[in-house]
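Spelled out from the first residue to the last, the chains are:
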Amino acid sequence: MKMSRLFLETLRDYPSDAEVISHKLLVRAGYIKKLANGIYNYLPLMWRVLKKIENIVREEMDKAGAQEILMPFLQPKELWEQSGRWEVYGKELLRLKDRHNKEMCLGPTHEEIVTALAGEAIRSYKQLPVNLYQIQSKFRDEIRPRFGLLRGREFIMKDAYSFDKDEEGMQKSYKAMAEAYTKFFKRCGLETKPVQSDSGAIGGNISHEYMVITQTDSGEDDVFYCDNCDYAANSNHAVSVLNETNIEGEWSQYEKISTPDIKTIEELAKFLHINSSVICKCLVYIADKEPVLVLIRGDKIVEETKLMNALEAKEIRTASEAEIKELMESHGFKAKPGFIGPKGFDDIKIIADKTVQDLKNFVMAINENDVHVVGANFGTDVKLPVKICDVRLVEAGEKCPQCGQPLKVTRGIEVGNIFQLGTKYSKAMNSTYTDENGKEVPFVMGCYGIGISRTAAAAVERHHDEYGIKWPISIAPYHVIIVPVNVQDEKQMEIAQNIYNRLNSSGIEVLIDDRDERAGVKFKDADLIGIPLRITVGKTVQDGFVELKIRETGEISKLTPDEAVSFVSKTVQNALNN
RNA sequence: CGGGACGUAGCGCAGCUUGGUAGCGCACUACCUUGGGGUGGUAGGGGUCGCAGGUUCAAAUCCUGUCGUUCCGACCA
């Protein structure tokens, strides 16, 4: 491809609205252009990258026994009502009506469609297992799209769905997908860590997310992991064994003490000269519009996804000051935030984190301003709530639940996930097959997603430097770029063209920068757009040499055109065979 | 949806405080120059200053509303 004909505009500056490096680089290097918030045009270079990633997915999915299909992007409300998700899915599901006033939605995922499809098409256990996948644009009306391709509203996803006759079969399908995923990401030049996670809106029991560890802040998830064993989990799912700490107060008597103007746990601990771990913290949340009290040890933080699951709520947030005031007044209290305690709220839900149950002689608030009690105990001074769950955010340094070594934390980008769905959808939608005994039974399902466009962005996050992108060869838009330094020099052009032709005809994807630009401009652009190999044809042709630069390492070598051609061919072959 | 910021040429920005008829760099067009890391020059083209209303002799500038974008939180591939 001739650069002079390529639909490409590289920018001298980074766009002002971009925050993370992949977004900045993809816009500046002319890969994407924003159409609307969270919605992008994929320009020729980007589209080539995406197609490469898609094809690697296809190869790995096909190898794992899955079959590609394509399901509709626009979906009827009825199926979503059958699964129960028309109600549950919230505002990320973009709903619209057609000309007959029929309600539809843009597909954010395809469990409903594929479950219905399998139910109709699969009759007998003899046909199982089946694994169907597709690669398609999805639409999720995200609350806050950002970070370019890392969190768009419209994005390209590979989604696969497995159908098995029993739990054991599903486990096998799940494992096959897990293996395919690891291979896939590796081929894209990405090291991923499979981590346990919450299964969110998709549902199901066991799930893993595939995280690209970023080290930088561009990842949106915190991942807790253990260096000693294979434990790794998203913060919304991670558990830990707490380090030893003081959980018994020194007071032997239950008594009220004056704590004027204390607003936070830190202030309280300081005021009483105690560790915050002997305080029972009480927080007010609003879960699906209902107030809920949450008790947790003073030095710990509530993990809201865990809390949401524990409450079986759809939506959760901390209460505003006005809501707290209203709650207090409706129960005859005047306490300000800071003095809220669990006593006197028999009619509302109170949930306790596991950390509070072992507290002894602890400190808590009792809905009286400027007063706390010390030496409190569950059972005698206050009832322990019926519901005790783990709703605590794990912190680095706490012990691994598997081996007891200290956990570490890092940021990660979720590029894929796999879920064991079980019969959640097949039961709800009455999607069944006939088993060996002639009985109609629901499929046992799994589902498996990979964010194609997000994978591309994650690759940029992991492979770039101050000059631009450094694509891994496997997903680079072109393998090599030939730069004739001076297009008006006939000899340079002749040799460049010759190398171009030879590489091209041997299946190498090659770009030739035939623009009448200065060398500096071409070099900067080549670095920016991140082509892995560069052949510079310049003055050295007089001595029969060209120059080969490896983008990844910056290594430069002087070769004859023949050597350059064979080096490039070999390097690309090797990279693709891996 | 809550809290902050910003909308001026394709991109990055100045001008706004103290109203007076719109500017800089890059990009673009033409010619010259240069030719191994964003060459230098000359001449050009391009903007109803997000939109609507108001104040005023006069609004990019002040006021109100609205739309959009963006950052911080809950959602997620």
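Residues numbered from 1 in each chain as written. Chains lettered and ligands numbered in written order. Predicted model: local features only at pLDDT ≥ 70, side-chain atom pairs only at ≥ 80, totals over all residues. Heavy atoms only, no water.

A few points about the protein's contact with RNA strand B
- In the vicinity of RNA strand B there are 56 residues, among which R12, E142, R151, D527 and E547 approach most closely.
- Within 4 Å of the protein, the atoms of RNA strand B are drawn from sugar and phosphate moieties in a proportion of 48%.
- R140 is positioned with one of its side-chain polar atoms (N or O) 2.8 Å from a sugar or linking oxygen of RNA strand B.
- In this structure, a phosphate oxygen belonging to RNA strand B sits 2.8 Å away from a side-chain N or O atom of R144. (Near = heavy atom within 4 Å. Polar contact = N/O pair within 3.5 Å; in protein donor to acceptor, adjacent residues only side chain to side chain.)

Some details on the pattern of salt bridges
- The final tally for this structure, using the stated rule, is 33 salt bridges.
- K63 is the salt-bridge partner of E60, the closest N and O atoms lying 3.2 Å from each other. Placement of the pair is E60 and K63 together in helix α2 (residues 44–63), with a separation of 3 residues, close to one helical turn.
- For K63, a relative accessible area of 59% corresponds to the exposed category.
- Two residues, K165 and E436, come together in a salt bridge whose shortest N-O distance is 3.4 Å. Here E436 lies in the loop between β22 (432–434) and β23 (440–442) and K165 lies in the loop between β8 (154–164) and α6 (167–187), a separation of 271 residues in the sequence.
- Overlapping salt bridges bring together E59, E60, K63 and R187 as one network. (Salt bridge = Lys/Arg side-chain N within 4 Å of Asp/Glu carboxyl O. Helix = DSSP H or I, 4+ residues; strand = E, 2+ residues; numbered from the N terminus. Buried < 20%, exposed > 50% of the residue type's maximum accessible area, 1.4 Å probe, protein only.)

Things to note about the sheet that holds strand β19 (residues 371–376)
- Read across the sheet, 3 strands follow the order β13-β19-β18 without closing on themselves; strand pairing throughout is antiparallel. At either margin of the open sheet sits one strand with a lone partner, and together these are β13 (255–258) and β18 (362–365). Neighbour-to-neighbour, the strand axes of this sheet turn through a mean angle of 35°, independent of strand direction.
- Alignment of β13 against β19, held across 4 bridges, turns out to be antiparallel. Pairing of S258 across the sheet is with V371, part of β19. (Pairing = 2+ DSSP bridges. Axes fitted to C-alpha atoms, helices over the stretch in contact; angles between N-to-C directions.)

Notes on the side chain of R515
- With respect to the secondary-structure elements, R515 resides in the loop between β28 (510–512) and α13 (519–529).
- Side chain to side chain, R515 and D525 meet in a polar contact 3.0 Å long.
- If near-sequence neighbours (up to four positions away) are discounted, R515 is found in contact with M3, S4, V487, K522 and D525. (Contact = heavy atoms within 4.5 Å.)

As for the pairing of strand β15 (residues 290–297)
- In terms of burial, β15 is largely enclosed, as 6 of its 8 residues are buried.
- Where strand β14 (residues 280–287) and β15 come together, 8 bridges link them in antiparallel fashion. The partner of C282 across the bridge, within β15, is L295.
- Between β14 and the antiparallel strand that follows it, β15, lie 2 residues; D288 among them carries a positive phi value of about 45°.
- Relative to strand β17 (residues 349–353), β15 runs parallel, the two sharing 4 bridges. If you follow L293 over to β17, its bridge partner there is I350.

Quick look at α6
- If you check α6, its first and last C-alpha atoms are 30 Å apart, about what 21 residues at 1.5 Å a residue would give, namely 30 Å.
- Along α6, the residues that are buried comprise G169, M170, S173, Y174, M177, A178, A180, Y181, F184 and F185. (Expected span 1.5 Å × (residues − 1).)

Section: the pairing of strand β24 (residues 444–451)
- Of all 8 residues in β24, 8 are buried, a share of seventy percent or more.
- By the alternation rule, side chains of β24 split into V444, G446, Y448 and I450 and M445, C447, G449 and G451, which are all buried.
- Relative to β24, β8 runs antiparallel, the two being bridged by 8 bridges. Looking across to β24, one finds that D164 is bridged to V444.
- As judged from the 6 bridges shared by strand β21 (residues 408–422) and β24, these two strands associate in the antiparallel manner. For G416, the partnering residue across the bridge sits in β24 and is I450.

Some points on the packing of aromatic side chains
- With the rule as written, the count across this model stands at 11 aromatic pairs.
- Relative to W471, the ring of Y31 has its centre 5.7 Å away and its plane inclined at 55°; by these criteria the two rings are tilted. Here Y31 is found in the loop between α1 (21–28) and β1 (32–36), whereas its partner W471 is found in the loop between β26 (468–469) and β27 (480–484), with 440 residues between them in sequence. The same class applies to Y31 and to W471, which are both buried.
- Sitting above the plane of the Y14 ring, R28 keeps its charged end 4.6 Å from the centroid.
- When the ring centre of W86 is taken as reference, the NZ or CZ atom of R95 above it lies at 4.7 Å. (Phe/Tyr/Trp six-rings, centres within 6.5 Å; stacked < 30°, edge-to-face > 60°. Lys NZ or Arg CZ within 6 Å of the ring centre and 35° of its normal.)

Some details on the nonpolar core
- Ranked by internal contacts, the top residues of the largest apolar core, which has 59 residues, are L26, Y31, M46 and W471.
- No other element matches α2, which puts 8 residues into this core.
- Here this core spans two domains, since at least three of its residues come from each of domain 1 (21–239 + 409–462) and domain 3 (478–577).
- Formed by 39 residues, the second largest nonpolar core is a distinct cluster that contains A269, V356, M364 and V373. (Core = buried A, V, L, I, M, F, W, Y, C linked by side-chain atoms within 4.5 Å. Domains from an automatic or database assignment.)

Section: the domain arrangement of chain A
- One can read the domain layout of chain A as domain 1 (21–239 + 409–462), domain 2 (255–389) and domain 3 (478–577).
- Distance from the C-alpha centre of domain 1 to the C-alpha centre of domain 2: 38 Å.
- Facing the 7 residues of domain 1 at the interface are 5 residues of domain 2.
- Buried area between domain 1 and domain 2, both sides added, is near 430 Å², and the carbon and sulfur share of it is 48%.
- In this assembly, domain 1 and domain 2 are joined by 0 salt bridges.
- Run the count over domain 1 and domain 2 and you get 1 residue pair in polar contact (both at pLDDT 80 or more). (Buried area = accessible area lost by both parts, 1.4 Å probe.)

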